[in-house]
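# Understanding the architecture of this molecule
Listed here are the chains, written in short residue letters.
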Amino acid sequence: MHRLFLHSSSPVLLLLAKEFVSEYRNRYACSVILAFSVITVTSISISLANSALSEETESVLLWIIIFFSAMAGLGRVYSTEKDNNTLSTLRIYCCPQAIVFSKIVFNTVLLLGIACLTVLLFAAFFTLRVKDWVLFTVTIWLGVSGMAVVSTLMASLAAEARGTHALFTVINFPLLMPLLLTVTDLTTRSLQGVPADFDQVCLLIGFDLMIAAVTILVVEWL
Amino acid sequence: MDSITTPIMAQIKFNNICMSFPDKLLFTNVNGSVSSGECLALTGPNGSGKSTMIKILARLLRQSSGEVSITLNAKNASDTAYRSAIGMIAPYLEYYNMLTGLENIALFSQLRGKAYCGRQALNLLDKVDLRSNADRLTQTYSTGMKQRLKWAVLAMADPPIWLLDEPFAYLDDYGRTLVLEMLTDAQNRQRAIVIATNDAKEAKLAQTVLTLVKSGTFIAR
């Protein structure tokens, strides 16, 4: 009996199923991101020798780890397709918007899983105490989504350039600066129990939506 | 399959196509057209621009100047319809190594908006002699098997216009015979076919031959 994971009339769902099945079978991105996350948290924990960290430091460390985990794994979404000559095949068979949208969703899910794991590792190795869980969860979700969208757009650009991976991190960092500054501040607030700055939450939502819209619009010409 | 019962009459037309790179003029003013039931061969020496021309027709590359258009049932195709009207086989187009042969067929035929029919997919794999490998990951396939899989995917999607770059590459004698049959069948079913090849025998399959020459011009017969 033939097991078939790929059964849908929606191109986005089909491509998403393809991404998850492929990742499940080779586990490359998951392994790279997971290894980076675990090694970094344990290294920091050992070097700090159980010293107490301030909420600001914990927040910055958390987002640095998520950022570099994203850079380690998410850049591959397009470069692997390009290297394996499957990107052109996809372009023949479906619209670029479906391709980029499925990759955004896949990257978001992947990064969200890594962020959850990193938070658990932080709770285990440090004294991470969240006082405002709603703000903390919303910040992680919006921050990770924004990072996934920007990374996907930049990965699609970098795949067309030489020296792909070095270029990927370099062009991502300035674009993600506003997002990183905002999520770090909001995470600190959630750890300290300070009320959220609504304008900052709106900024995050606006940033995510704007980059997603730009990605969907420009992808036709990439 | 709808396309068999009510064949779509398609035509791909290219006018004054020029392609140049910063350091090289590849070709200028290439003109031609292929309609349903016809076959056009693009021939020429290595580096003359056959693959580039096929990529331009598939919209994988943008030409420096000139126009490519597709008409479906005498109406100009929109961007979406253009994409849906083309199927392509080329050495630089691969399928997913981490999916099985059957999953690749299912993925690409459904991306084309065709309802997946398992029996039809298995019949096609049978036809290209890959039935026993249907559930194996394509990373375990040989180059020739991958080429046969490309033919099965194209036959399953069955678009009105077939763009074929070196379609007989890596195939053994049985595979070549099989592909010849599939090509003849496709022409009988009113598919428009463009073949880029170096092989004079393969070019004989076509009613029209367009020879690209290295000086950047072309000769049609």
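Residues numbered from 1 in each chain as written. Chains lettered and ligands numbered in written order. Predicted model: local features only at pLDDT ≥ 70, side-chain atom pairs only at ≥ 80, totals over all residues.

Moving on, we come to the overall build of chain A. Regarding its fold elements, chain A presents nine helices and zero strands. Starting at the N terminus and walking to the C terminus, you meet the elements of chain A as α-α-α-α-α-α-α-α-α. The C-alpha atoms of chain A give 18 Å as radius of gyration, which agrees with the globular expectation for 222 residues (17 Å, within 12%). Judged by the C-alpha coordinates and their principal axes, chain A covers about 55 × 40 × 40 Å. Buried residues in chain A amount to 41% of all 222 residues. At a minimum sequence separation of 6, the contacts of chain A that also span at least 24 residues come to 83%. (Helix = DSSP H or I, 4+ residues; strand = E, 2+ residues; numbered from the N terminus. Rg over C-alpha atoms; globule rule 2.2 N^0.38 Å. Buried ≥ 20, exposed ≤ 12 C-beta atoms within 10 Å, placed from the backbone. Contact = placed C-beta atoms within 7 Å.)

This part covers the interface of chain B and chain A. It is common to report an interface's size as the accessible area lost on association of the parts. Across the boundary between the two partners, chain B contributes 26 residues, which contact 23 residues of chain A. Among the secondary structure elements, those contributing two or more residues to the side of chain B that touches chain A are α3 (79-85), β6 (86-89) and α4 (101-111) of chain B. With seven residues, the single largest contributor to the side of chain B that touches chain A is α4 of chain B. Of the residues contributing to the side of chain B that touches chain A, the split by class is 17 nonpolar, four polar and five charged. (Nonpolar A, V, L, I, M, F, W, Y, C, P; charged D, E, K, R; others polar.)

Residues Leu 42, Ala 152, Leu 163, Ile 193 and Val 194 of chain B are the most contacted members of the largest nonpolar core, which totals 123 residues. Residue contributions to this core peak at 13 residues, all from helix α7 (residues 133-158) of chain A. Setting aside anything within four residues of it in sequence, one finds Leu 42 of chain B in contact with Lys 50, Met 53, Ile 54, Val 194, Ile 195, Ala 196, Leu 210 and Leu 212 of chain B. (Core = buried A, V, L, I, M, F, W, Y, C linked by C-beta atoms within 7 Å.)

This part covers the environment of Val 218 of chain A. Of note, Val 218 of chain A is situated in helix α9 (residues 198-218). In this structure, the C-alpha to C-alpha distance between Val 218 of chain A and Gln 97 of chain A, residues 121 residues apart in sequence, is 9.1 Å.

Helix-helix packing is characterised by the crossing angle of the two axes and by the distance between the axes. Residues and elements named next belong to chain A. Contact pair helix α3 (residues 55-73) / helix α6 (residues 96-125): the axes reach a minimum separation of 10 Å and the direction vectors enclose 145°. Of the two possible hands of crossing, α3 and α6 adopt the one that is right-handed. For the pair formed by α3 and α6, the contact residues are Glu 58, Leu 62, Ile 65, Ile 66, Ser 69, Ala 70 and Gly 73 on the first element and Leu 110, Leu 111, Ile 114, Ala 115, Thr 118 and Phe 122 on the second. Taken together, the residues that form the contact of α3 with α6 break down as nine nonpolar, three polar and one charged. (Axes fitted to C-alpha atoms, helices over the stretch in contact; angles between N-to-C directions. Left-handed = near helix turned anticlockwise from the far one by under 90°.)

All names here are of chain B. Burial analysis of strand β3 (residues 39-43) places five of its five residues in the buried class, the great majority of the element. Residues Cys 39, Ala 41 and Thr 43 of β3 are buried on one face, and the alternating residues Leu 40 and Leu 42, pointing to the opposite face, are buried as well. As paired elements, β3 and strand β8 (residues 192-196) share four bridges and run parallel to each other. Residue pairing in the sheet places Cys 39 in a bridge with Ile 193 of β8. (Pairing = 2+ DSSP bridges.)

All names here are of chain B. Taken together, the buried positions of helix α5 (residues 118-127) are occupied by Ala 121, Leu 124 and Leu 125. Buried residues of α5 fall within an arc of 100° about the axis and therefore sit on the same side. Buried residues belonging to α5 abut α4 and α6 (143-157). Directly after α5, the chain includes Asp 129, whose backbone phi takes a positive value near 65°. (Arc of directions from axis to C-beta.)

Residue and element names in this part refer to chain B. Confidence along chain B averages 90 in pLDDT terms, with 94% of residues attaining 70 or more. Strand β7 (residues 161-165) holds the highest mean pLDDT among the elements of chain B, 96, whereas helix α1 (residues 2-5) holds the lowest, 48. Scoring the predicted complex yields pTM 0.87 and, for the interface, ipTM 0.88. (pLDDT = per-residue confidence, 0-100.)

This part covers the sheet that holds strand β5 (residues 75-76) of chain B. All names here are of chain B. Reading across the sheet, the four strands line up as β2-β1-β4-β5 and stay open at both edges, with antiparallel pairing between neighbours. Looking along the sheet, the strands with just one partner apiece sit at the ends: β2 (24-35) and β5. Examined bridge by bridge, strand β1 (residues 10-21) and strand β4 (residues 65-72) share seven bridges and lie antiparallel to one another. Paired with Ala 10 across the bridge in β4 is Leu 72. Where helix α2 (residues 50-57) meets the sheet, its contacts fall on β1, β2 and β4, and the angle it forms with β1 comes to roughly 125°.

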